[in-house]
Protein chains: 2
Amino acid sequence: MIPYEELSKEELLEIKSDLDAQFEAIKAKGLNLDMSRGKPSTEQLNLSMEMMDVLTSESDLVCEEGVDCRNYGVLDGIKEAKQLLADMMEVPKDNIVIFGNSSLNIMYDTIARSMTHGVMGSTPWCKLDKVKFLCPVPGYDRHFAITEYFGIEMINIPMTPTGPDMDLVEKYVNNDPAVKGIWCVPKYSNPQGITYSDVTVHRFAALKPAAEDFRIFWDNAYGIHHLYEDKQDYLIEILMECKKEGNPDMVYKFSSTSKISFPGSGIGAIAASDANLEDIRKQMRIQTIGHDKLNQLRHARYFKDIHGMVQHMKRHADILRPKFDMVLSSLDRELSGLGIGSWMAPRGGYFISFDSMEGCAKAIVAKAKEAGLVMTNAGATFPYGKDPKDSNIRIAPSYPTVEELKTACEIFTLSVKLVSIDKLLSNILGI
Amino acid sequence: MIPYEELSKEELLEIKSDLDAQFEAIKAKGLNLDMSRGKPSTEQLNLSMEMMDVLTSESDLVCEEGVDCRNYGVLDGIKEAKQLLADMMEVPKDNIVIFGNSSLNIMYDTIARSMTHGVMGSTPWCKLDKVKFLCPVPGYDRHFAITEYFGIEMINIPMTPTGPDMDLVEKYVNNDPAVKGIWCVPKYSNPQGITYSDVTVHRFAALKPAAEDFRIFWDNAYGIHHLYEDKQDYLIEILMECKKEGNPDMVYKFSSTSKISFPGSGIGAIAASDANLEDIRKQMRIQTIGHDKLNQLRHARYFKDIHGMVQHMKRHADILRPKFDMVLSSLDRELSGLGIGSWMAPRGGYFISFDSMEGCAKAIVAKAKEAGLVMTNAGATFPYGKDPKDSNIRIAPSYPTVEELKTACEIFTLSVKLVSIDKLLSNILGI
């Protein structure tokens, strides 16, 4: 392959004319495809259908500690659900609090509580002139939406292949007392699929925050969401690492079963130090009498234990793997060597991150839309929706079928080529 | 019956000695009884057991609008659940937003949002020097706990047999811009079982708040929780009444199925004007991807419609009625005419409110505890846990069996008599 950049204006125009024809042909099909959200497919949902039969009118609905799960009571989760999610999150079960169906909601509540009540006795953030959060980019749009909603200033931290740029993280966290947190998806990161290296995790644990109420928001959303049986990433457990470094209270860890059982009807949890959990329970006691214990019981009895859950995830992987392979092989075949985009092959998670030539991402997403393919909005992976280079695009291969993905990738790679050629031509013409 | 107050010191001492013996005898049994919380009994929970069979692995889990309830999507509730809860709350289904398992959590979120983001564009309450809430007393401890948690100043408003003292409510709301809300349980109120009269509701709707962001927090927790087939209370619908009075945005209405299906695993909802709901959805979009739709579907399919739900409530009433009757008949038999306490017979809800002689409630609850009976803490029905007269005690008859209630009432009435005699004696002795 000759990189497009080395081609002449005439050569580019010739290729463009050919690609235009292909694009018009596919556009004419009036397709409706979606690679925008990390949504499990129907086939994946079907994997958990037997969960619907676990609790029936004949079931004993009393949990291990002797509480009737149908009634009020048990603020922070029944024992068997705590054990399951503690194992999933690799922490002691006493360091877990179970919430409702969404870890996003727990993160929102955590920020909201810090705004109005501070963190373990610190000044409420709403009383401060300035609160800042570090945001490794590209990252998860819904994280950034929460901090934006609360008027928290977000600072971009570039991702590297081993995690966020830790020199920069240390510089901000250790010197600026207005920096109160950092959003992390440490394993199979959204959208790049990067797993933080041992050194990165260790440097996180060894931070010396200028703010006593600085917290790492460690959203381990994809902890057991591997794609391959024979190759998987490993991540050091951050709570223990922080404890070892004398920073036991510095991290909140979040996770849920949303992409394990059912996205709308899973259970979410937070893991943290005893002192942090005591602070959180103070709020919980005011906020609720307790979350849905029947759903906790349903999950605990269905998966039985972490081994059951891990086995279950292999069935998810069997469905997801061919989809990721389809996207990656399309990108390789169509774009390798052209110098108009780069990407990484993740070993887990829900996304593939694509970086186009600078200034092309928005146009590519718009172009794909013309042919009926919905992508995540360009910019969404950055705070305030602003990608300074306009180059990152998140690809979510989970929901469409392999067949649909094939067409979607055709549209996507055509769009990348066409927009890139336009960009190169406008450079040549000096527009 | 001769009122205790008219008895001589000697007569009182004689009665006391007799009551002491009875008390010691019952205390010797080492009982463990609980009339403290409005918790449905196991028998009541069993009424809804077939709900556990409504959704199975064979079920079609797609809701009316064509969404797979297992997956992400649908922010504010599936149509069929909205219809059911809208009918339950007597509002149009477009004026409903469904949340998770707890209306208390919705109320908490509503206050929390007002603190950090204001109400429909008003100044966030956390930026104000002073925020005040009116609290009809006696009232619901968990309401007061929320406003206390957020540092909101609470002002007692005495309840009357037709609802809160509206002269006082109007005086505060129409003149003090720091007054941002009022907690109401308008039907079968907690703990008195009072239903606000038509005139009271109308006066609420016609308020002219000094604060544009004043809201009525209308917690209609017991809207269809009648005790008697042949006599029930009726409550005017507040949203419509406010609309008629030109105050469409002045009220949030809350409810849930907690005491209809399962307390831990019901569904909660808020009803409000379009403008209020748009304000709320702005937050919801940040806070969650959506609540548990499978549980919404389970409820909608189980109850089918509001008629099904109303029929279901009659079965709850059949279980609750004998319990209320047991408590009321005990109070009547043991305490009527003694001038040491007063109470009302509610037509629905979960509580009976008892008012002792001034300065006796704490001692009565402590006395009952000596004999193994747990009551709601005296004072709990007032903001900050402070009953200025120390006289109100909330009785919750739902959880114990009728047999247990019989003994519990024996302990309670003995405790009332003994503490009252002590009080009268200390008055006589001038202590």
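These figures come from a predicted structure and were not determined experimentally.

Calculation rules
- Residues numbered from 1 in each chain as written.
- Chains lettered and ligands numbered in written order.
- Predicted model: local features only at pLDDT ≥ 70, side-chain atom pairs only at ≥ 80, totals over all residues.
- Heavy atoms only, no water.
- Buried < 20%, exposed > 50% of the residue type's maximum accessible area, 1.4 Å probe, protein only.
- Helix = DSSP H or I, 4+ residues; strand = E, 2+ residues; numbered from the N terminus.
- Pairing = 2+ DSSP bridges.
- Core = buried A, V, L, I, M, F, W, Y, C linked by side-chain atoms within 4.5 Å.
- Contact = heavy atoms within 4.5 Å.
- Least-squares fit on C-alpha atoms with pLDDT ≥ 70 in both.
- Axes fitted to C-alpha atoms, helices over the stretch in contact; angles between N-to-C directions.
- Buried area = accessible area lost by both parts, 1.4 Å probe.
- Salt bridge = Lys/Arg side-chain N within 4 Å of Asp/Glu carboxyl O.
- Polar contact = N/O pair within 3.5 Å; in protein donor to acceptor, adjacent residues only side chain to side chain.

Asks: So what exactly am I meant to see when it comes to the pairing of strand β6 (residues 179-184) of chain B here?
Replies: A regular strand places its side chains on the two faces of the sheet in alternate fashion. All names here are of chain B. Where burial is concerned, most of β6 is hidden: six out of the six residues are buried. Here strand β3 (residues 132-137) pairs with β6 via three bridges, running parallel. Within the sheet, the bridge partner assigned to K132 lies in β6 and is V179. As judged from the four bridges shared by β6 and strand β7 (residues 215-219), these two strands associate in the parallel manner. Following the sheet pairing, I182 is matched in β7 by I216.

Asks: Would you mind going over the nonpolar core with me for this structure?
Replies: Nonpolar side chains in soluble globular proteins tend to be buried together. With 112 residues, the main nonpolar core has F204(A), I216(A), W218(A), F204(B) and W218(B) as its most contacted residues. When near neighbours in sequence (up to four residues on either side) are disregarded, W218(A) contacts C184(A), P186(A), Y196(A), V201(A), F204(A), L235(A), I238(A), V251(A), Y252(A), K253(A) and F254(A). Core analysis: the second largest hydrophobic core is formed by 70 residues, L75(A), W183(A), F217(B) and I280(B) among them.

Asks: Help me understand the relation of the copies chain A and chain B in this model?
Replies: Two chain copies, one operation linking them: a rotation about an axis together with a shift along it. Superposition of chain A onto chain B requires a rotation of 180° combined with a translation of 0.0 Å along the rotation axis, giving an RMSD of 0.0 Å. These values place the two chain copies in the arrangement generated by a two-fold rotation axis. Most of the interface of chain A is mirrored in chain B, where 100% of its interface residues are also at the interface.

Asks: I tried to follow the sheet that holds strand β13 (residues 392-395) of chain A on my own but got confused; where do I start?
Replies: One key point about sheets: their strands pair by backbone hydrogen bonds, in either a parallel or an antiparallel sense. Residues and elements named next belong to chain A. The strand order across the open sheet built from three strands is β10-β11-β13, with neighbouring strands paired in antiparallel fashion. Each end of this open sheet is capped by a strand with a single partner; those strands are β10 (341-343) and β13. Strand-to-strand, the axes of this sheet are offset by a mean angle of 25°, without reference to chain direction. Examined bridge by bridge, strand β11 (residues 352-356) and β13 share four bridges and lie antiparallel to one another. Following the sheet pairing, S353 is matched in β13 by R394. The strands touched by helix α11 (residues 306-335) are β10, β11 and β13; relative to β11, the strand with the most contacts, the crossing angle is about 20°.

Asks: What exactly am I supposed to notice about the interface of chain A and chain B here?
Replies: Accessible area lost upon the coming together of the parts is a frequently used measure of interface size. Contacts between the two partners involve 59 residues from chain A and, on the opposite side, 59 residues from chain B. Both sides of the chain A and chain B interface together cover about 4,900 Å² of buried area, and 54% of this is carbon and sulfur. In terms of surface lost to chain B, no three residues of chain A exceed R70(A), Y72(A) and I286(A), which account for 16% of the buried area on that side. At the junction of chain A with chain B, the criterion picks out zero salt bridges. In this assembly, chain A and chain B are joined by 22 residue pairs in polar contact (both at pLDDT 80 or more). At the level of elements, α2 (42-46), α4 (103-117), α5 (141-149), α9 (274-287) and α10 (293-303) of chain A are the ones that each hand at least two residues to the side of chain A that touches chain B.

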